[in-house]
Amino acid sequence: MTEGTSPVLISQVIQFSVAPVFLLVGIAGFINAFVVRLARIVDRKRELADRLRAPEPVRFELHRREIDILDERAGLINLSIKLSIATAMLVCLTILTVFIDFLLSMEHPRLIGTMFVFAMASLIASLGMFVRDLQLASAAMALDDEDVPRTRNTAPDTPAQ
């Protein structure tokens, strides 16, 4: 430690680091949600691949189109996960730099600010990929609607007694 460091100053630096740590918790939540979505995409793709092995002619093209959408969604979610991990790493580097600056009596506010800006840009991009995934999921649901006949009254006829 340098001459000017004291337990009080160190505790202040730790306090300033708490907010980015909460950001890390939020990012971990996003990553978890993305991984769950990716697992569901993989499961759905496997199910459709099985159906295509013994296809129903009417649904073959719908299944093919849905698989194409699932492939794109998987790519988007993979990119979201990578961007979220990059965000977490940048936040960790920001916290580390704050401590190093303090302990070695250095001043790199532009570096710290730049890393945090890049972290936020990465998080925004990750969430943008997530929004696109949601749009594609909605498009896949529309494919299911193409296959289902529309009727107003879908209740089965009740036998007369």
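Predicted model, so just to flag it, every value in this text is computed and none were measured.

## A closer look at the side chain of S84
Right, on to step 1. For S84, the position within the fold is in helix α2 (residues 57–103).
Right, on to step 2. By relative accessible area, S84 is classed as buried at 0%.

## Here we look at the nonpolar core
Within soluble globular proteins, side chains that are nonpolar tend to cluster in buried spots.
Right, on to step 1. Counting residues in hydrophobic clusters, the biggest one holds ten residues: F34, L38, I41, L48, L52, I67, L70, A74, I77 and I81.
Right, on to step 2. Those elements giving two or more residues to this core turn out to be α1 (7–53) and α2.
Right, on to step 3. F34 has contacts with I77, S80, I81, S84, S126, L127 and F130, leaving out every residue within four places of it along the chain.

## Topic: the packing of α1 against α2
Right, on to step 1. Contact geometry of α1 with α2 gives a least axis separation of 9 Å together with a crossing angle of 165 degrees. When the interaxial angle is binned, α1 and α2 end up roughly antiparallel. When the axes of α1 and α2 are compared, the crossing they make is left-handed.
Right, on to step 2. Tallied by class, the residues present in the contact of α1 with α2 amount to 31 nonpolar, six polar and eight charged.

## As for the confidence of the model for the protein chain
Right, on to step 1. Counting all residues, the mean pLDDT for the protein chain is 85, and 86% of those residues have values of 70 or more.
Right, on to step 2. Across the protein chain, element-level confidence peaks in α2 with a mean pLDDT of 91 and bottoms out in α1 with 88.

## Describing the pattern of salt bridges
Right, on to step 1. Applying the stated rule across the entire model yields nine salt bridges.
Right, on to step 2. Where E47 meets R51, a salt bridge forms, and the shortest distance between an N and an O atom there is 2.6 Å. In this pair, E47 and R51 both sit in helix α1, four residues apart, roughly one turn of the helix.
Right, on to step 3. Residue E72 is joined to R132 by a salt bridge in which the shortest nitrogen-to-oxygen separation is 3.7 Å. With E72 in helix α2 and R132 in helix α3 (residues 109–147), this pair connects stretches of sequence that are 60 residues apart.
Right, on to step 4. Linked through salt bridges whose partners overlap, the residues forming this network are R44, E47, R51 and E66.

## A word on unusual backbone geometry
Trans is the prevailing form of peptide bonds, just as negative phi is the prevailing case for residues other than glycine.
Right, on to step 1. Notably, S105 is not glycine yet its phi reads approximately 50 degrees, a positive angle.
Right, on to step 2. Along the chain, S105 falls in the loop between α2 and α3.

Cut-off values and rules
- Residues numbered from 1 in each chain as written.
- Predicted model: local features only at pLDDT ≥ 70, side-chain atom pairs only at ≥ 80, totals over all residues.
- Heavy atoms only, no water.
- Helix = DSSP H or I, 4+ residues; strand = E, 2+ residues; numbered from the N terminus.
- Buried < 20%, exposed > 50% of the residue type's maximum accessible area, 1.4 Å probe, protein only.
- Core = buried A, V, L, I, M, F, W, Y, C linked by side-chain atoms within 4.5 Å.
- Contact = heavy atoms within 4.5 Å.
- Axes fitted to C-alpha atoms, helices over the stretch in contact; angles between N-to-C directions.
- Parallel < 35°, antiparallel > 145°, perpendicular 65-115°, else oblique.
- Left-handed = near helix turned anticlockwise from the far one by under 90°.
- Nonpolar A, V, L, I, M, F, W, Y, C, P; charged D, E, K, R; others polar.
- pLDDT = per-residue confidence, 0-100.
- Salt bridge = Lys/Arg side-chain N within 4 Å of Asp/Glu carboxyl O.

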